[in-house]
Amino acid sequence: MDSILVRGGAELKGEIEIAGAKNACLALMPATLLSEEPLTLTNAPRLSDIRTMTMLLQSLGAEVQNLAGGKVQAMSSHAEITPIADYDIVRKMRASNLVLGPLLARLGHAVVSLPGGCAIGARPMDLHIDALESLGARIELRDGYLHAKAAQGLKGARYEMRFASVGATENFLMAAVLAKGSSQLVNAAREPEIVDLVKCLRAMGAQISGEGTSTIEIQGVDRLHGATHPVVTDRIELGTYMLAPAIAGGEVECIGGRRDLVASFCDKLEAAEIEVEETGRGLKVKRKNGRVGAVDVVTAPFPGFPTDLQAQMMALLCTADGVSVLEETVFENRFMHAPELVRMGATIDVHGGHATVTGVERLKGAPVMATDLRASVSLILAALAAEGETLVSRVYHLDRGYERLEEKLGACGARVERVKGQ
Ligand code: EPZ
């Protein structure tokens, strides 16, 4: 297993190109199952999660070509599609469950392995199941697989979600677009990745409105045609790299960054004495003055503060001037980066869903271990300003969501290198 070695203390200067959104692409790729005509995604990120989704779709019978080094996904599912999403692939990545809705819509049948838990929480599928059953599917759990059937086809319905689940919203939308009649999803997720999926489905001929709000209306159609769609900018990669100069000092311009994708995050950065400037090409970030200010953070579904930026924000607040409290309301176990940051000299007390961070002058490099995707990058961010060397192990987590991180940070002056595992 590879590790990443960071020698702290270098200020950053330069620009970082922000890639297409992993979490948009993982929902857009299964949409190819909804049409026999080709669906091509441009601006796709080059990540291991995308390669996993490619393998899954190919195992179902779809053709997926990663062109232009992976930036273009040319997909087609005109061939015979089989409904079985095997455990071996699904266990690697929870987002595999996003083939459930499209398979039901296309075939009226799906057998999708339960993804199994993951480090940040149990991550059940009850909302996905309820939402799809509201459209007439019958879903039962047998031998670790969800067996879903809609023998008479899917029928439009009104469904109100108890929680604005991103994945359940995506599965509902990709099923309802081919259901008979109209559907209404209430308390739908409002994330930019949902908006991007709706734009793509509309380009394929779907009739949808209300994306980005809590109520999405869908008028089912008989069939969808092919399309070419650009994947939206990755707001989580954007927020992650905006924190690099905030932590290490200096100034970095994140090319392709848009403030509307990270508005609540930018508000918090500015409250912490970090300057965010909208340039014509992206977002330029630097500290307003010497010390970062302490701020409190509560994660929430979009447009609230993103849970996927909580770990990275904690890395910033470890050396803030004062005490900050971070409340994680989306996942039940998303503070695993805290004990690793404490190994680097941070003062963090975790009680249930709250982490209290008392800022220290400077962290000290140490060997630390990545536990999940966003925790791993928070350790690298913290290491940029820590005294001495930090070796972050198990960086396969990192490769799921950040393409060429060491190159992107290295180009701005960070001393970051990959150490090949034995
Ligand atoms: C998506 O996961 C993202 N992944 C996650 O990003 C992100 O953290 C999450 O949304 C929240 O924004 C992708 O888009 C591929 P949810 P998803 O359904 O859809 C509970 C990353 O780091 N829940 O909105 O799985 C669930 O347990 C990843 O890129 C149920 O209880 O998130 C969690 O506590 C991590 N029952 C909460 O809702 C369900 O049926 C949010 O889950 C579904 C979810």
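Above this text you will find the structure in question.
For the structure given in this document, a descriptive report is provided here. Since the structure is predicted, the reported quantities are computational estimates derived from the model, not experimental observations.

1. Points about the overall build of the protein
Looking only at helices and strands, the protein has 14 helices and 24 strands in total. Taken against the 2.2 N^0.38 rule, which gives 22 Å for 422 residues, the C-alpha radius of gyration of the protein at 21 Å falls within 12% of a compact globule. Principal-axis analysis of the C-alpha atoms gives the protein an extent of 65 × 45 × 40 Å. Counting every position in the protein, which comprises 422 residues, the buried fraction comes to 58%.

2. Points about the environment of Lys155
As for its position among the elements, Lys155 is in the loop between β9 (145-149) and β10 (158-160). Taking relative accessible area as the criterion, Lys155 reaches 58% and is therefore assigned exposed. Leave out the neighbours within four places in its chain, and Lys155 touches Ser134, Leu135, Ala179 and Lys180.

3. Focus: the side chain of Glu403
Summarising the element assignment, Glu403 is placed in the loop between α13 (396-399) and α14 (405-410). On the accessibility criterion, Glu403 (6% relative accessible area) is buried. A polar contact of 2.7 Å, which involves the side chain of Glu403, links it to the backbone nitrogen of Arg46. Leave out the neighbours within four places in its chain, and Glu403 touches Ala19, Pro45, Arg46, Leu47, Tyr241 and Lys408.

4. Description of the nonpolar core
Counting residues in hydrophobic clusters, the biggest one holds 79 residues, and the most contacted among them are Met29, Leu34, Leu57, Val99, Leu154, Val177 and Leu201. Here this core takes six residues from helix α6 (residues 166-176), the largest share from any one element. The residues touching Val177, leaving out its near neighbours within four places in the chain, are Leu34, Leu201, Ala206, Ile208, Ile218, Gln219, Gly220, Val221 and Leu224. Leu243, Ala244, Ala346 and Val416 belong to the second largest nonpolar core, which has 69 residues in total.

5. Looking at the sheet that holds strand β22 (residues 367-369)
Read from one edge of the open sheet, four strands run β22-β23-β1-β24, paired in mixed fashion. Edge positions in the sheet fall to β22 and β24 (415-419), since each has one partner strand and no second. Neighbour-to-neighbour, the strand axes of the sheet open up by a mean angle of 20 degrees, direction not taken into account. Both strand β1 (residues 3-7) and strand β23 (residues 389-393) contribute to a ladder of five bridges, which runs antiparallel. Bridged to Arg7 within β23 is Glu389.

6. Digging into the side chain of Thr307
Residue placement: Thr307 occurs in the loop between β18 (297-298) and α10 (310-317). Polar contacts involving the side chain of Thr307 include one to the side chain of Glu328, which spans 3.0 Å. Excluding its chain neighbours within four sequence positions, the residues that come into contact with Thr307 are Thr299, Glu328, Val330, Phe331 and Arg334.

7. So, the site of the ligand
Lining the immediate surroundings of the ligand are 24 residues, of which Asp126, Leu127, Ser165, Asp308 and Val330 lie closest. The contact in question runs from an oxygen atom of the ligand to an N or O atom on the backbone of Val330, over 2.6 Å. Arg374 has a polar side-chain atom sitting 2.7 Å from an oxygen atom of the ligand. Contact with the protein chains removes 89% of the 820 Å² of surface that the ligand exposes when unbound. Each residue belonging to the shell around the ligand can be placed in one class, and the counts come to eleven nonpolar, five polar and eight charged.

8. Points about the pattern of salt bridges
If you walk through the whole model with that rule in mind, you get 32 salt bridges. With a shortest N-O distance of 3.7 Å, Asp321 and Arg291 are connected by a salt bridge. Of this pair, Asp321 sits in the loop between α10 and β19 (323-327) while Arg291 sits in the loop between β17 (282-287) and β18, placing them 30 residues apart in sequence. Looking at Asp321, the relative accessible area reads 52%, which means it is exposed. The structure contains a network of salt bridges with shared partners spanning Asp2, Asp399, Glu406, Arg418 and Lys420.

9. Some thoughts on the sheet that holds strand β8 (residues 138-142)
If you walk across this open sheet you meet the four strands as β6-β7-β9-β8, and the pairing is mixed. Strand pairing shows two members of the sheet lacking a second neighbour, β6 (84-85) and β8, which therefore form its edges. Looking at chain direction, strand β7 (residues 109-113) and β9 are connected through five bridges and run antiparallel. Counted as the bridge partner of His109 is Lys149 from β9.

10. Concerning the pairing of strand β21 (residues 354-358)
Side chains Ala355 and Val357 of β21 all project onto a buried face; the interleaved residues His354, Thr356 and Thr358 project onto a face where none is buried. In this sheet, β21 lies alongside strand β20 (residues 347-351) in antiparallel orientation, the contact comprising five bridges. By the bridge assignment, Thr347 is partnered in β21 with Thr358. Hairpin connection of β20 to β21: two residues between the antiparallel strands, including Gly352 at a positive phi of 60 degrees.

The rules behind these values
- Residues numbered from 1 in each chain as written.
- Predicted model: local features only at pLDDT ≥ 70, side-chain atom pairs only at ≥ 80, totals over all residues.
- Heavy atoms only, no water.
- Helix = DSSP H or I, 4+ residues; strand = E, 2+ residues; numbered from the N terminus.
- Rg over C-alpha atoms; globule rule 2.2 N^0.38 Å.
- Buried < 20%, exposed > 50% of the residue type's maximum accessible area, 1.4 Å probe, protein only.
- Contact = heavy atoms within 4.5 Å.
- Polar contact = N/O pair within 3.5 Å; in protein donor to acceptor, adjacent residues only side chain to side chain.
- Core = buried A, V, L, I, M, F, W, Y, C linked by side-chain atoms within 4.5 Å.
- Pairing = 2+ DSSP bridges.
- Axes fitted to C-alpha atoms, helices over the stretch in contact; angles between N-to-C directions.
- Near = heavy atom within 4 Å.
- Areas by Shrake-Rupley, 256 points an atom, 1.4 Å probe, with all protein chains shown as cover.
- Nonpolar A, V, L, I, M, F, W, Y, C, P; charged D, E, K, R; others polar.
- Salt bridge = Lys/Arg side-chain N within 4 Å of Asp/Glu carboxyl O.

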